[in-house]
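Structural overview
Chain by chain, the residues:
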Amino acid sequence: MKCVRCLNDTAAKFAEAPDKSGAWEMYICSKCNFSWRNTEEEDVITPELREPKFQLTNEDIANLQILVPVPPLRK
Ligand SMILES: [Zn+2]
């Protein structure tokens, strides 16, 4: 499915209401790591309504800075 932030076809459902009521579902994008629930406001889950400054292009993703890894815990 299409990610609402980067618009790539790299999103998928990864959780749903545990009582199987269908009350909510949650999705995550494997490209930009954005996650969202289907119950959020329309201006969060509809790409055309989202604030453009919150969108990510593939170029933006390619140029993201690398996070410094957390070192192992001291013993
Ligand atoms: Zn994405």
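Residues numbered from 1 in each chain as written. Predicted model: local features only at pLDDT ≥ 70, side-chain atom pairs only at ≥ 80, totals over all residues. Heavy atoms only, no water.

So, about the overall build of the protein. Scanning the protein from N- to C-terminus turns up 2 helices and 3 strands. Along the protein, helices and strands appear, N-terminal first, in the series β-β-β-α-α. The C-alpha atoms of the protein give a radius of gyration of 15 Å, which is well past the 11 Å a tight globule of 75 residues would have. Along the first, second and third principal axes, the C-alpha atoms of the protein reach 45 × 35 × 20 Å. Scored against the burial criterion, the 75 residues of the protein give a buried share of 24%. Surface summary for the protein: the accessible area is close to 6100 Å², and the carbon and sulfur share equals 56%. Separation of charge centres in the protein, based on 10 positive and 12 negative side chains, amounts to 11 Å. (Helix = DSSP H or I, 4+ residues; strand = E, 2+ residues; numbered from the N terminus. Rg over C-alpha atoms; globule rule 2.2 N^0.38 Å. Buried < 20%, exposed > 50% of the residue type's maximum accessible area, 1.4 Å probe, protein only. Areas by Shrake-Rupley, 256 points an atom, 1.4 Å probe, with all protein chains shown as cover. Lys, Arg positive; Asp, Glu negative; His and termini not counted. Charge placed at Lys NZ, Arg CZ, Asp CG, Glu CD.)

Core analysis: the largest hydrophobic core is formed by 12 residues, namely Cys3, Val4, Cys6, Ala11, Tyr27, Cys29, Cys32, Phe34, Trp36, Ile45, Leu56 and Ile61. Those residues within four positions of cysteine 6 in sequence are excluded, and the remaining contacts are Cys29, Lys31, Cys32, Leu56 and Ile61. (Core = buried A, V, L, I, M, F, W, Y, C linked by side-chain atoms within 4.5 Å. Contact = heavy atoms within 4.5 Å.)

Looking now at the environment of leucine 67. Looking at the secondary structure, you find leucine 67 in the segment after helix H2 (58-62). A residue is classified by how much of its surface remains accessible, and leucine 67, at 74% relative accessible area, is exposed. Sequence separation between leucine 67 and glutamate 41 is 26 residues; the distance between their C-alpha atoms is 30 Å.

For the coordinates displayed, the defined rule picks out 2 aromatic pairs. Ring centres of tyrosine 27 and tryptophan 36 lie 5.7 Å apart, and the angle between their planes is 40 degrees; on these two criteria the pair is classed as tilted. Here phenylalanine 34 and tryptophan 36 contribute two aromatic rings whose centre-to-centre distance is 5.6 Å and whose plane-to-plane angle is 25 degrees, an arrangement assigned as stacked. Like tryptophan 36, phenylalanine 34 is buried. Among the aromatic residues, ring-to-ring pairing joins Tyr27, Phe34 and Trp36 into one connected group. (Phe/Tyr/Trp six-rings, centres within 6.5 Å; stacked < 30°, edge-to-face > 60°.)

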